[in-house]
Amino acid sequence: MVDTPSLAGQPDGFLQWQLVYFRGGRRKNPVMQPMAADLSDDDIRNLAAHFAALPPPQAGTQGLADPELFASGRKLAQQHRCAACHQESYAGAQAAARTAQQREDYLLKALRDFKSGARIGNGVASMGDAVYPLVDEQLRALAHFMSHLP
Ligand code: HEC
């Protein structure tokens, strides 16, 4: 479904935080907020452990890459040190999401939401700062790059 992310193989910590944010209304989404509203802390721990243990999407899931867009996304990711938090493989770690092989439409939406301030995340300088200097064309390239990682 459009704008709906893959959860399999996401870091446990990332999944827990996002469910906590949806539950408390810090992260806004008309589908996810009601879904998370009644979850207990234990429910959140169990759900996160379940999805974290599933095998992540395989390379190629998102189809063939556009070589030029991929290369420009890779260059931007290096310049802006995205891998410092998301890992070289973009498998994510702790509170930082797995972005490798994630749906491109969802990644682009996420980046745009961080850029506009619609999504605040953990509040400490991370994604807001990361996307602050980037324009929409660059967000597109980054989303394409991460979704088509080999
Ligand atoms: C300082 C650490 C840090 C850096 C650098 C960073 N990120 Fe993130 N990123 C995070 C964290 C933490 C989250 C989860 C934010 C939240 O709490 O919602 C995240 C979330 C994301 C998401 C949303 C994923 C999802 O499934 O919702 C995308 C997309 C993303 N980052 C891409 C990037 C890109 C592209 C760059 C480089 C331009 C980058 N990040 C740089 C820490 C970082």
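From a predicted model like this one, the values you see are computed outputs, not experimental measurements.

### Quick notes on the site of the ligand
Moving on, step 1. Taken together, 25 residues are adjacent to the ligand, and Cys82, Cys85, His86, Tyr106 and Met127 come closest.
Moving on, step 2. In the model, an oxygen atom of the ligand is placed 2.5 Å from a nitrogen or oxygen of the Tyr106 side chain.
Moving on, step 3. Between an oxygen atom of the ligand and a side-chain N or O atom of Arg119, the distance comes to 2.9 Å.
Moving on, step 4. Taken together, the elements giving at least two residues each to the shell around the ligand come down to helix 1 (12-24), helix 5 (83-86), helix 6 (104-116), helix 7 (127-131) and helix 8 (136-147).
Moving on, step 5. Element by element, the count of residues in the shell around the ligand is highest for helix 6, at 5 residues.
Moving on, step 6. Looking at the shell around the ligand residue by residue, the classes come out as 16 nonpolar, 7 polar and 2 charged.

### Some thoughts on the nonpolar core
Moving on, step 1. Ranked by internal contacts, the top residues of the largest apolar core, which has 22 residues, are Tyr90, Leu111, Val131, Leu142 and Phe145.
Moving on, step 2. Elements represented by at least two residues in this core include exactly helix 4 (67-79), helix 6, helix 7 and helix 8.
Moving on, step 3. Counting residues per element, this core draws most heavily on helix 8, which supplies 6 residues.
Moving on, step 4. Residues contacting Tyr90, with those up to four places away along its chain left out, are Ala77, Cys82, Ala83, Arg98, Thr99, Ala100, Phe145, Met146 and Leu149.
Moving on, step 5. Of all hydrophobic cores here, the second largest spans 5 residues; its members include Phe22, Ala36, Leu39 and Ile44.

### Details of the environment of Ser72
Moving on, step 1. Examined against the element boundaries, Ser72 turns out to sit in helix 4.
Moving on, step 2. Between the C-alpha atoms of Ser72 and Phe145, which are 73 residues apart in sequence, the distance is 8.0 Å.

### Here's the deal with the side chain of Arg98
Moving on, step 1. Within the secondary structure, Arg98 sits in the loop between helix 5 and helix 6.
Moving on, step 2. No salt bridge forms around the buried Arg98; measuring N to O, its nearest opposite-charge neighbour Asp12 is 13 Å away.
Moving on, step 3. Beyond its immediate chain neighbours, meaning those up to four positions away, Arg98 contacts Ala8, Gly9, Gln10, Pro11, Pro56, Pro57, Tyr90, Ala91 and Gly92.

### Here's the deal with empty space enclosed by the protein
Moving on, step 1. Overall, the coordinates contain 1 cavity of 30 Å³ or more when judged by the stated rule.
Moving on, step 2. Volume-wise, the largest cavity comes out at about 40 Å³.
Moving on, step 3. Considering only residue class, the lining of the largest cavity consists of 3 nonpolar, 2 polar and 4 charged.
Moving on, step 4. Looking at the lining of the largest cavity, you find at least three residues from each of domain 1 (12-53) and domain 2 (67-147).

### Points about the domain arrangement of the protein
Moving on, step 1. Domain annotation of the protein identifies domain 1 (12-53) and domain 2 (67-147).
Moving on, step 2. When each unit is reduced to the centre of its C-alpha atoms, the spacing between domain 1 and domain 2 is 21 Å.
Moving on, step 3. Taken together, the contact between domain 1 and domain 2 spans 7 residues of the former and 10 residues of the latter.
Moving on, step 4. Summing the contributions of domain 1 and of domain 2, the shared interface buries around 720 Å²; its carbon and sulfur component is 48%.

Rules used in this analysis
Residues numbered from 1 in each chain as written. Predicted model: local features only at pLDDT ≥ 70, side-chain atom pairs only at ≥ 80, totals over all residues. Heavy atoms only, no water. Near = heavy atom within 4 Å. Polar contact = N/O pair within 3.5 Å; in protein donor to acceptor, adjacent residues only side chain to side chain. Helix = DSSP H or I, 4+ residues; strand = E, 2+ residues; numbered from the N terminus. Nonpolar A, V, L, I, M, F, W, Y, C, P; charged D, E, K, R; others polar. Core = buried A, V, L, I, M, F, W, Y, C linked by side-chain atoms within 4.5 Å. Buried < 20%, exposed > 50% of the residue type's maximum accessible area, 1.4 Å probe, protein only. Contact = heavy atoms within 4.5 Å. Lys, Arg positive; Asp, Glu negative; His and termini not counted. Salt bridge = Lys/Arg side-chain N within 4 Å of Asp/Glu carboxyl O. 1 Å grid on protein atoms, 1.4 Å probe; cavity = no way out; pocket = protein on both sides within 12 Å on 5 of 7 lines; lining within 4 Å. Points joined across faces, edges and corners; volume = space filled by probe spheres on them. Domains from an automatic or database assignment. Buried area = accessible area lost by both parts, 1.4 Å probe.

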